[in-house]
Amino acid sequence: MSLQLLQQKLPEVRAWIDLTLAAYAAQARPVADFGFTRLGSYYSAALLASAMAIPVAKVPAPPLASMGLTGFDEFENLNAAGITYLSSFFVLHGYERDESLHFHELVHVVQWKHLGPERFIMAYALGHFLCGGYDTNPLEVMAYVLQSAFDHHAPGFDVAAVVRTELDRIVPALFARASTGL
Ligand SMILES: [Zn+2]
């Protein structure tokens, strides 16, 4: 596993994402249409109108191993209740009304937006590798910490602003560490 190999495979990962989202386009609904009452205290109306949720029986994960990217077995076999690609996220049937899960995936939507697709994928993969897997990936830690504040009814705040500030602090350090070898 190397930074170069990952960079080389980015177009393949992007192509898989675009195909997957296109395949589910008919089932995608704006988060704003789900009738949640609390998300509006944490996210802008524009974000809630543009972010799309797609209910599915199994959340799709990119076939990284078959693309030659090894070491992501844990990620590929996660069976997560939600997963985000660009400004869309998949949610397992039964979790469509789970406002906390939507909150979590929206953190990832903001991360994708702020970093841009290539940099998000690189940062997410580097976080996975350098920090010891899914649970300790800084991009996931950020989402779980903010979700926990939401779950504990923290007073409303601008989540996107916090995410952007945190990313600007964390991501350059990840890339710096990666450049010295994985
Ligand atoms: Zn997550």
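Before any of the text, the structure's been laid out above.
Below is a summary of the structure that appears in this document. (Residues numbered from 1 in each chain as written. Predicted model: local features only at pLDDT ≥ 70, side-chain atom pairs only at ≥ 80, totals over all residues.)

1. What about the overall build of the protein?
What counts is decided by this rule: Put simply, DSSP marks the helices as runs of H or I at least four residues long and the strands as runs of E at least two long, and each gets a number from the N terminus on. Every C-beta atom is placed from the backbone, and the number of other C-beta atoms within 10 Å of a residue's own sets its class: buried at 20 or more, exposed at 12 or fewer, partly exposed in between. By definition, residues are in contact whenever their C-beta atoms, placed on the basis of the backbone, come within 7 Å of each other.
Per the secondary structure count, the protein includes seven helices and four strands. Each helix and strand of the protein, ordered N terminal to C terminal, gives the series α-β-α-β-α-β-β-α-α-α-α. Its C-alpha atoms put the protein at 45 × 35 × 25 Å along the principal axes. Relative to its full complement of 182 residues, the protein shows a buried share of 30%. For the protein, the proportion of contacts with a sequence separation of at least 24, taken over those separated by at least 6, is 68%.

2. Points about helix 5 (residues 117-130)
The criterion, for reference: Expected helix span is taken as 1.5 Å per residue step, with the number of steps being one fewer than the number of residues.
With 14 residues, helix 5 should reach 20 Å at 1.5 Å per residue; the first-to-last C-alpha distance of 20 Å fits that figure. Buried within helix 5 are the following residues: F120, I121, M122, A123, Y124, A125, L126, G127 and H128. Where helix 5 is buried, its residues contact helix 1 (3-23), helix 3 (73-76), helix 4 (99-115), helix 6 (138-151) and helix 7 (159-179). Within two residues after helix 5, G132 carries a phi angle of roughly 95 degrees, on the positive side.

3. Brief notes about the environment of G156
As for its placement among the helices and strands, G156 is situated in the loop between helix 6 and helix 7. Between the C-alpha atoms of G156 and G40, which are 116 residues apart in sequence, the distance is 8.5 Å. In this structure, G156 is in contact with S41 and Y42, ignoring residues within four places of it in sequence.

4. Remarks on the nonpolar core
For the record, the criterion: Under the definition applied here, buried Ala, Val, Leu, Ile, Met, Phe, Trp, Tyr and Cys residues are grouped into a nonpolar core through C-beta atoms within 7 Å.
Among the nonpolar cores identified, the biggest contains 39 residues, and Y43, A51, L106, V107, A123 and V159 are the most heavily contacted of them. Of all elements in the fold, only helix 2 (45-50), strand 2 (52-56), strand 4 (88-92), helix 4, helix 5, helix 6 and helix 7 reach the threshold of two or more residues within this core. Sequence-distant contacts of A51, that is, excluding residues within four places in its chain, are made with P30, V31, S87, L106 and V109.

5. Some details on helix 1
This is how it is decided: Here the bend at a residue is taken as the angle between two axes, fitted respectively to the seven residues that end there and the seven that start there.
Its 21 residues give helix 1 an end-to-end C-alpha distance of 30 Å, which sits within 8% of 30 Å, the value for a rise of 1.5 Å per residue. Along helix 1, the sharpest kink reaches roughly 40 degrees, centred on K9 and followed within four residues by the proline P11.

6. A few points about the environment of A81
Among the structural elements, A81 can be located in the loop between helix 3 and strand 3 (82-85). A81 sits in the partly exposed class, given 16 other C-beta atoms within 10 Å. Contacts of A81, omitting those with residues within four sequence positions, involve V91, L92, Y95 and L101.

7. A look at the pairing of strand 4
Our working definition: Think of it this way: DSSP has to see at least two bridges between two strands before they count as a pair.
With four of its five residues buried, strand 4 lies for the most part within the structure. Strand direction decides the pairing type here: strand 2 and strand 4, joined by five bridges, are parallel. Each residue of the ladder has a partner; that of A53, found in strand 4, is F89. Bridge count between strand 3 and strand 4: four bridges; the pairing is antiparallel. By the bridge assignment for strand 4, Y85 is matched with S88. In this antiparallel pair of consecutive strands, strand 3 and strand 4, the connection spans two residues, and L86 shows a positive phi of 55 degrees.

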